[in-house]
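# Structural overview for review
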Amino acid sequence: MADTENYTMQEAIAEAKRCLNCKVPQCRKGCPINNEIPSWIHELSMGNLGNAMAIINTRSNLPAVCGRVCAHERQCEGNCILNKKGAHINIGRLERFVADFDTTMRLTHENIVEKNNGKIAIIGSGPAGLTIAGELARKGYMVEIFEMEPEPGGVLMFGIPEYRLPKEVVKNEIIKIANLGVNIHCNVTVGSDCTIDDIFADGFDAIFMGTGTGKPKRLDVPGVDLVGVRQAVYFLRRVGLYQQGFMSREEVPVKEGQRVFVVGGGNTAMDAARTSLRLGASEVTVLYHRTQDRMSALKAEYDDAVAEGVKFMFETSIAEIRDTNGDGELDELVIDTNGVKTTIPANRVIQAVGSAPASRIVSTTEGIDVDKRGYVLTRDVPYGMTSRKGVFAGGDVTNRPASVVHAMDDARKVAEGIAQYVTAKKLLENIESGEVKFNNA
């Protein structure tokens, strides 16, 4: 069975029954959010899908997403005791099965908690923002999300390709969070449409910045500014907008029949390469300056890219991007492979060489300190608070997480920090207003 295929009920239960339910589960130790993996798999093995979902929900706000895009081979499945025999439990596919079944059958009906503990604003609706929204809404906080895109989801919706993460799955997960009483405002860009100060003026007790790293790094080579040289984040976002009906096909920067070169060795590079092929590129080649074993991309992602027809050139970098016709369009690359330079025809270059935080919010807000690379600095107590009182940050904007599930883990800690801060803030306000009386008064 291909990893993208879903289990049938019979297959899922049979797979769950293989779990040894270890007393010291290594799979759980390998999970960044410490998911109660053996417990919910045991419930699944007995056909108790509602119980399985309830256990998963105690740790994860996005199980259908995690079941698809987590680095299972490096985390839970990579640590499974049965991995020694080459037969680990397919934890990711089981989690996906339970979450999808729950959505289809509408098993979970969470009660909306009365919202009387405070008012929280969340900037960005990626994995970190959605996690904090779910955590705090369940704790009785009024939560509002401000998202710059036309739909919520952030990188889940506009950064991860459809073939890896179907957008219907993301929408269903967001609906579950919205049903907790979370309000979501789209097409709102904090830093231009409004500021942090404006949000505080509207009566919010705390603000969370989960804006990710929206400023891609770029190659430092001649010709990098030519038409046809694009960032992977920009490219994948445009593809997502096109597939969701917000943009025409002509606005996607890879055309049918083009020779495309992707620079980088991470999962984003694999996404850009495979997406380019699916858009009709005649040939797609990944250029990586190190050897294959040094790539940060998951082996499964690399193998899938190769199987799909993506070519790879290792220990190779771009020395120059040329426009020989003088029309502003690139048509030629000079590549360097271990010191040997070669000239090759090309139509598009997609850069997947990392990213840094955008400064839109920081530049319009006083008191938020960043390091020399632009990452927002935060405290350990309360966890996640910036140098500006009441403003918290987490996820990629702080340079802590490395994946969706790591962003979720960081966000759960920040949610606790926000709750601690708002509780203390409300107590001090009550004391100052005289609402807290002396025992002998």
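In case you missed it, the structure is sitting above this.
Predicted model, so just to flag it, every value in this text is computed and none were measured.

Counting 68 residues, the largest nonpolar core has W40, L94, I132, L136, L156 and I418 as its most contacted members. Looking at which element gives the most residues to this core, the answer is helix α15 (residues 404–433), with ten residues. Among residues more than four places away in sequence, those in contact with I418 are I120, I132, L136, A206, F208 and F392. Membership of the second largest hydrophobic core comes to 26 residues, among which are A281, M295, I350 and A352.

As a further point, take empty space enclosed by the protein. Tallied over the entire structure, the rule returns two cavities of 30 Å³ or more. Roughly 130 Å³ of internal volume is contained in the largest cavity. The class makeup of the residues in the lining of the largest cavity is ten nonpolar, four polar and one charged. Reported here for the second largest cavity is a volume of approximately 50 Å³.

Here we take up the packing of helix α4 (residues 49–57) against helix α7 (residues 91–105). It is at 10 Å that the axes of α4 and α7 come closest, and there the two elements cross at 110 degrees. Here α4 is positioned roughly perpendicular relative to α7, judged by the angle of their axes. Taken together, the residues of α7 that come into contact with α4 (itself represented by L49, A52, M53 and I56) are E95, F97, V98, A99, F101 and D102. Taken together, the residues of the contact of α4 with α7 sort by class into eight nonpolar, no polar and two charged.

In this structure, P382 follows V381 across a cis peptide bond, with omega equal to -15 degrees. Mapped onto the secondary structure, P382 falls in the loop between β14 (355–356) and β15 (391–393). In this structure, N338 is a non-glycine residue whose phi angle is positive, near 50 degrees. Mapped onto the elements of the fold, N338 is located in the loop between β11 (332–337) and β12 (340–345). A residue is classified by how much of its surface remains accessible, and N338, at 57% relative accessible area, is exposed.

Another point: the pairing of β11. Note that strand β10 (residues 316–322) and β11 share six bridges and pair antiparallel. Note on β11: the bridge partner recorded for E320 is V334. The pairing of β11 with β12 spans six bridges and is antiparallel. The residue bridging D336 from the neighbouring strand is K341, located in β12.

Our focus in this paragraph is the sheet that holds β11. Strand order in this open sheet of three strands is β10-β11-β12, and the pairing throughout is antiparallel. Pairing within the sheet leaves two strands with one partner each, and these edge strands are β10 and β12. The average angle at which neighbouring strand axes cross in this sheet is 25 degrees, direction not considered.

Right, let's talk about the sheet that holds strand β7 (residues 259–263) for a bit. The parallel open sheet is built from five strands, whose spatial order is β6-β13-β7-β8-β9. The sheet is open, and its two edges are formed by β6 (229–231) and β9 (311–314), each paired on a single side. Strand-to-strand, the axes of this sheet are offset by a mean angle of 25 degrees, without reference to chain direction. In this sheet, strand β13 (residues 348–351) lies alongside β6 in parallel orientation, the contact comprising three bridges.

Before going further, it helps to spend a moment on the packing of aromatic side chains. Enumeration over the complete set of coordinates arrives at six aromatic pairs. In this structure, K119 packs its charged tip against the face of F204, placed 4.4 Å from the ring centre. We note R278 situated over the ring of Y163; from NZ or CZ to the ring centre the distance is 4.0 Å.

Along the polypeptide, T189 turns up in the loop between β3 (183–185) and α11 (196–201). Residue class for T189 comes out buried when judged on its relative accessible area of 14%. Not counting residues within four places of it along the chain, the set of residues in contact with T189 comprises M148, C194 and R360.

Our next topic: the pattern of salt bridges. Following the criterion strictly, the structure yields 29 salt bridges and no others. As a salt-bridge pair, E135 and R412 come within 3.8 Å of each other at their nearest N and O atoms. Linking E135 in helix α8 (residues 127–138) with R412 in helix α15, this pair joins segments that are 277 residues apart in sequence. The salt bridge involving K299 is made with D303; its shortest N-O contact spans 2.7 Å.

For α7, built from 15 residues, the straight-helix expectation of 21 Å at 1.5 Å per residue is met to within 8% by its first-to-last C-alpha distance of 21 Å. Along α7, eleven of the 15 residues are buried, which leaves the element largely enclosed by surrounding structure. Looking only at α7, the buried set comprises I91, G92, R93, L94, E95, R96, F97, V98, A99, D100 and D102. Just downstream of α7, R106 is the residue with a positive phi angle, here 55 degrees.

Counted at 1.5 Å a residue, the expected span for helix α13 (residues 267–278) with its twelve residues is 16 Å, and the 16 Å between its end C-alpha atoms agrees. Extensive coverage of α13 is indicated by the burial of nine of its twelve residues. The set of residues buried in α13 consists of A269, M270, D271, A272, A273, R274, T275, S276 and L277. Packed against the buried residues of α13 are α12 (232–243), β7, β8 (283–288), α14 (299–308), β9 and β13. Just downstream of α13 lies G280, where phi reads positive at about 105 degrees.

The rules behind the values
- Residues numbered from 1 in each chain as written.
- Predicted model: local features only at pLDDT ≥ 70, side-chain atom pairs only at ≥ 80, totals over all residues.
- Heavy atoms only, no water.
- Core = buried A, V, L, I, M, F, W, Y, C linked by side-chain atoms within 4.5 Å.
- Buried < 20%, exposed > 50% of the residue type's maximum accessible area, 1.4 Å probe, protein only.
- Helix = DSSP H or I, 4+ residues; strand = E, 2+ residues; numbered from the N terminus.
- Contact = heavy atoms within 4.5 Å.
- 1 Å grid on protein atoms, 1.4 Å probe; cavity = no way out; pocket = protein on both sides within 12 Å on 5 of 7 lines; lining within 4 Å.
- Points joined across faces, edges and corners; volume = space filled by probe spheres on them.
- Nonpolar A, V, L, I, M, F, W, Y, C, P; charged D, E, K, R; others polar.
- Axes fitted to C-alpha atoms, helices over the stretch in contact; angles between N-to-C directions.
- Parallel < 35°, antiparallel > 145°, perpendicular 65-115°, else oblique.
- Pairing = 2+ DSSP bridges.
- Phe/Tyr/Trp six-rings, centres within 6.5 Å; stacked < 30°, edge-to-face > 60°.
- Lys NZ or Arg CZ within 6 Å of the ring centre and 35° of its normal.
- Salt bridge = Lys/Arg side-chain N within 4 Å of Asp/Glu carboxyl O.
- Expected span 1.5 Å × (residues − 1).

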